[in-house]
Amino acid sequence: MPNLYALLVAIDVYPAGIPPLNGCINDADAMEQLLRTRFSDATLHLVRLNNADAKRQNIIDSFRSHLGQASGNDIALFFYAGHGSQVPTGGLFAAIEPSGMNSSIVCFDSRTNGVPDLVDKDMGVLISEVTAKGVHLTTIFDSCHSGSMDRDLPSTEIQADAQATTMGFGPSKKKAAVRKVPRRADPQAINDYLVNPSTLETAIRDSPTPPQPVSSITLASTVNYVPDQCGLHILLAACETDETANEYYDIEANKLHGAFTFFLTQTLTNAKDALSYRELVHLVRATMDGKVAPQTPKLESSGNDAMFSNLFLSLTPTVWTDYAIAGLSNLTNQWQLDRGALMSVSIGARYALYPTTAPNSDLADAGKAVGLATVTSVTPATSILQLDPGVQLDSEAQYKAVPTSSSALSHIDTWKQRLTLTNPNTQIPATALDFLVIAYPGTPDQQELHCPPHKRVELTYRNVPAGQDNRPFYSGSITNKHNVPLTVALLAFSGDYSISTALLDAETQRLDPGQTVYLHSGTPLHCSVPGTAKDTTDEMLLVISTDWFDATVFKLDSLNTAAPPSPTRSMYSNPLPQQDFTTWRVTFHTTRS
């Protein structure tokens, strides 16, 4: 069993001038308890920095000295619960920080005696120092990653009323803090960065494609601020960049927690199966829905889709078992499925429901289902379910949901149906996004193709000196040109009948007006023709929606390794969904001369 080197940082008590928090130490306690049940004393190497111990230099030194001990096939974990904020860039990083702000975590001594926050650029340096040695590193942040990076809770004494109990707050005599620290007014001094910012400016200038914007503490950069190529870092964040990370009151234990940490540790503790990162976040998102204010936990990896399939804090890969989640909506008081028209769910489709703690092997046995339900209406991302007569479910619980066998499609049929997904009634204009593909970036043969109007990209092996890579390559970006936020995912369809969702680091990416996301963290992608073939064709499908959806449900493993796919059915006879979506398809044709 590999060693786990864990660094847990939690700050409830700050110096005067920074509001105190309530549940961060509880978060770290819960994480430590979870780790001690999963790793032996011989393999778990754990360091905690609580409150006054969590000074900026202590965090940096502990990251390097403790997590830096990991090597080879060891695993490292950095966990942070506390205040977050933003710091002006002072004009630096203009190409990747159009907002002019660095995201930061607020250390115990930040903002006292001239001590700066720990900004995302410095966190990227620390992360890359660990992953450069081949160590798998997981970072977990239970704080907000935009604006104030706060964890929001009303600054009033929590009352034991019906609404509070419904939202998980319950009766508490603790003062609930507003987890909000104002942005710093002063830029971070150049000398306070762990690497001189001029190194990043040089990397941007010399790069044919700008790197992925790093406006949040997300993916690692190398010490030269070039996007991490090892793909060994995975991020779990409490919320999307425009959301707050809420607190949740655990009634049974009479403790406050960060909602994300609470449901993360509870899901891992209660699961009958070991969970992959992808399945874990899928379940946590569903379990949190309706129990706290809107908040979407985030999963990212530095360009390596295989990391998502690993078991949590493990090097063991798993096969993706596809299922939906059903639960009672607090907003509509109706049973709701977390899939809709985007996954071709249709009115009349039948679903079997299982407890979320049920092992995935049970999902093929309809006799172990706790009930059946029928889809009665759909939106792009969700559907309404009508339970069969006599079905009694726990209104506070979530359920795994799989289509009944009568709706099942074969693996190839599912692949083809997802590729041809369209919405002929969409109101999203073709000008809403700019999907830019740059063929052969940084060479005399560079071509810029905007898709649409282009629907086909022709790539050819190049004539280069012997010993050089002659494969064609391209880079790409997606920019929101619309006047409202849009959510996008980019699906890659391969000839082995697999579908990958990993071209965008977050898989599902919310884009504000004017915001850009880069394919593969801005790093060019190479194409190749297998074996003795002369050409190959790959398809991409850009999915665009006015509301958030989970792109991971589109994923399919290759035909030879896949578990039975989640069946879907045609949506075109259904009424127009309440929200809107559309798809753009681009064909990549690669030729070997």
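Keep in mind that this is a model prediction, so the values were computed, not measured.

Focus on the overall build of the protein chain
Thought 1: If you tally the helices and strands in the protein chain, you get nine helices and 28 strands.
Thought 2: In the protein chain, once contacts between residues fewer than 6 apart in sequence are set aside, the share between residues at least 24 apart is 77%.
Thought 3: Accessible surface for the protein chain amounts to roughly 23000 Å². Of this, 51% is attributable to carbon and sulfur atoms.

Some details on helix 3 (residues 120-131)
Residues that lie three or four places apart on an α-helix share one face, since the helix turns once every 3.6 residues.
Thought 1: Helix length check: helix 3, at twelve residues, gives a terminal C-alpha distance of 16 Å against a target of 16 Å (1.5 Å per residue), a fit within 8%.
Thought 2: All buried positions along helix 3 are accounted for by Asp120, Lys121, Asp122, Met123, Gly124, Val125, Leu126, Ile127, Ser128, Val130 and Thr131.
Thought 3: Looking at the buried residues of helix 3, the elements they touch are helix 2 (56-65), strand 3 (75-81), strand 5 (101-105), strand 6 (118-119), strand 7 (136-142) and strand 8 (233-237).

A short note on the sheet that holds strand 3
Thought 1: Pairing is mixed in the open sheet, where six strands are placed in the order 2-1-3-7-8-11. A single partner strand is all that each edge strand has here, and the edge strands are strand 2 (44-50) and strand 11 (298-301). In this sheet, neighbouring strand axes are inclined to one another by 10° on average, regardless of whether the strands run parallel or antiparallel.
Thought 2: Sheet strands in contact with helix 1 (residues 24-38) are strand 1 (4-10), strand 2, strand 3 and strand 7, and its direction is about 175° off that of strand 2.

Concerning the nonpolar core
Thought 1: Counting 83 residues, the largest nonpolar core has Phe63 and Phe78 as its most contacted members.
Thought 2: Leave out the neighbours within four places in its chain, and phenylalanine 78 touches Leu7, Val9, Ile59, Phe63, Leu67, Met123, Leu137, Thr138, Thr139, Ile140 and Phe141.
Thought 3: Counting 37 residues, the second largest nonpolar core, distinct from the first, contains Leu385, Leu393, Ala489 and Phe581.

What about the packing of aromatic side chains?
Thought 1: Scanning the entire structure with this criterion turns up 13 aromatic pairs.
Thought 2: Taking the centre distance of 5.9 Å and the plane angle of 55° together, the rings of phenylalanine 78 and phenylalanine 141 count as tilted. Of this pair, phenylalanine 78 sits in strand 3 while phenylalanine 141 is found in strand 7, placing the two residues 63 residues apart along the sequence. The two residues phenylalanine 78 and phenylalanine 141 agree in class, both being buried.
Thought 3: When the centroid spacing of 5.6 Å and the interplanar angle of 65° are considered together, the rings of tyrosine 277 and phenylalanine 312 count as edge-to-face. A residue pair is termed long-range when its members are at least 10 positions apart, and tyrosine 277 in helix 7 (residues 277-288) and phenylalanine 312 in the loop between helix 8 (305-309) and strand 12 (324-328) qualify at 35 residues. The same class applies to tyrosine 277 and to phenylalanine 312, which are both buried.
Thought 4: Following the ring pairs from residue to residue traces out a cluster consisting of Phe63, Phe78, Tyr80 and Phe141.

What about helix 6 (residues 259-270)?
Thought 1: The terminal C-alpha atoms of helix 6, which comprises twelve residues, lie 16 Å apart, in line with the 16 Å expected from a rise of 1.5 Å per residue.
Thought 2: For helix 6, the buried fraction is high: nine of the twelve residues fall into the buried class.
Thought 3: For helix 6, the complete set of buried residues consists of Ala259, Phe260, Thr261, Phe262, Phe263, Leu264, Thr265, Thr267 and Leu268.

Examining the confidence of the model for the protein chain
Thought 1: The pLDDT averaged across the protein chain works out to 81; a share of 82% of its residues lies at or above 70.
Thought 2: Note on residues 205-229: pLDDT under 50 across the span, and 87 contacts to partners over four residues away in sequence or across chains.
Thought 3: pLDDT under 50 marks residues 561-578. Its contacts with residues more than four places away, or in other chains, come to 60 contacts.

Re the pattern of salt bridges
Thought 1: Per the stated rule, a full pass over the model turns up 20 salt bridges.
Thought 2: Close ionic contact of arginine 36 with glutamate 32 constitutes a salt bridge, the shortest N to O distance being 2.9 Å. Here glutamate 32 and arginine 36 lie together in helix 1, a separation of four residues that amounts to about one turn.
Thought 3: Measuring nitrogen to oxygen at the nearest pair gives 3.3 Å for the salt bridge that ties arginine 585 to glutamate 539. One end of the pair, arginine 585, is in strand 28 (residues 581-591); the other, glutamate 539, is in strand 27 (residues 535-545), and 46 residues separate them in sequence.
Thought 4: Under the relative-accessibility criterion, arginine 585 is labelled partly exposed at 39%.
Thought 5: On the basis of relative accessible area, glutamate 539 is assigned to the buried category, the value being 12%.
Thought 6: Here the salt bridges share partners, and the residues they tie into one network are Asp29, Glu32, Arg36 and Arg48.

So, the side chain of threonine 536
Thought 1: Relative to the helices and strands, threonine 536 is located in strand 27.
Thought 2: A residue is classified by how much of its surface remains accessible, and threonine 536, at 18% relative accessible area, is buried.
Thought 3: The contact partners of threonine 536, leaving out residues within four places of it in the chain, are Ser528, Val529, Pro530, Phe588, His589 and Thr590.

Some remarks on the pairing of strand 10 (residues 255-258)
Thought 1: Inspection of the sheet shows strand 9 (residues 247-250) paired to strand 10 by four bridges, in the antiparallel sense. Considered in strand 10, the bridge of glutamate 247 is made with glycine 258.
Thought 2: As consecutive antiparallel partners, strand 9 and strand 10 are separated by four residues, and within that stretch asparagine 254 has a phi angle of approximately 55°, a positive value.

What about unusual backbone geometry?
Generally, phi is negative for residues other than glycine and the peptide bonds are trans, each holding for most cases.
Thought 1: Across the junction of cysteine 451 and proline 452, the peptide omega takes the value -5°, indicating a cis bond.
Thought 2: A cis amide bond links proline 452 with the next residue in sequence, proline 453, at an omega value of 10°.
Thought 3: Within the secondary structure, proline 453 sits in the loop between strand 19 (447-451) and strand 20 (456-460).
Thought 4: You will see that asparagine 254, though not glycine, has its phi angle at about 55°, which is positive.
Thought 5: Structurally, asparagine 254 is set in the loop between strand 9 and strand 10.
Thought 6: For asparagine 254, a relative accessible area of 48% corresponds to the partly exposed category.
Thought 7: Phi at tyrosine 440 is positive, roughly 50°, even though this residue is not glycine.
Thought 8: Along the polypeptide, tyrosine 440 turns up in the loop between strand 18 (433-439) and strand 19.

Parameters at a glance
Residues numbered from 1 in each chain as written. Predicted model: local features only at pLDDT ≥ 70, side-chain atom pairs only at ≥ 80, totals over all residues. Heavy atoms only, no water. Helix = DSSP H or I, 4+ residues; strand = E, 2+ residues; numbered from the N terminus. Contact = heavy atoms within 4.5 Å. Areas by Shrake-Rupley, 256 points an atom, 1.4 Å probe, with all protein chains shown as cover. Expected span 1.5 Å × (residues − 1). Buried < 20%, exposed > 50% of the residue type's maximum accessible area, 1.4 Å probe, protein only. Pairing = 2+ DSSP bridges. Axes fitted to C-alpha atoms, helices over the stretch in contact; angles between N-to-C directions. Core = buried A, V, L, I, M, F, W, Y, C linked by side-chain atoms within 4.5 Å. Phe/Tyr/Trp six-rings, centres within 6.5 Å; stacked < 30°, edge-to-face > 60°. pLDDT = per-residue confidence, 0-100. Salt bridge = Lys/Arg side-chain N within 4 Å of Asp/Glu carboxyl O.

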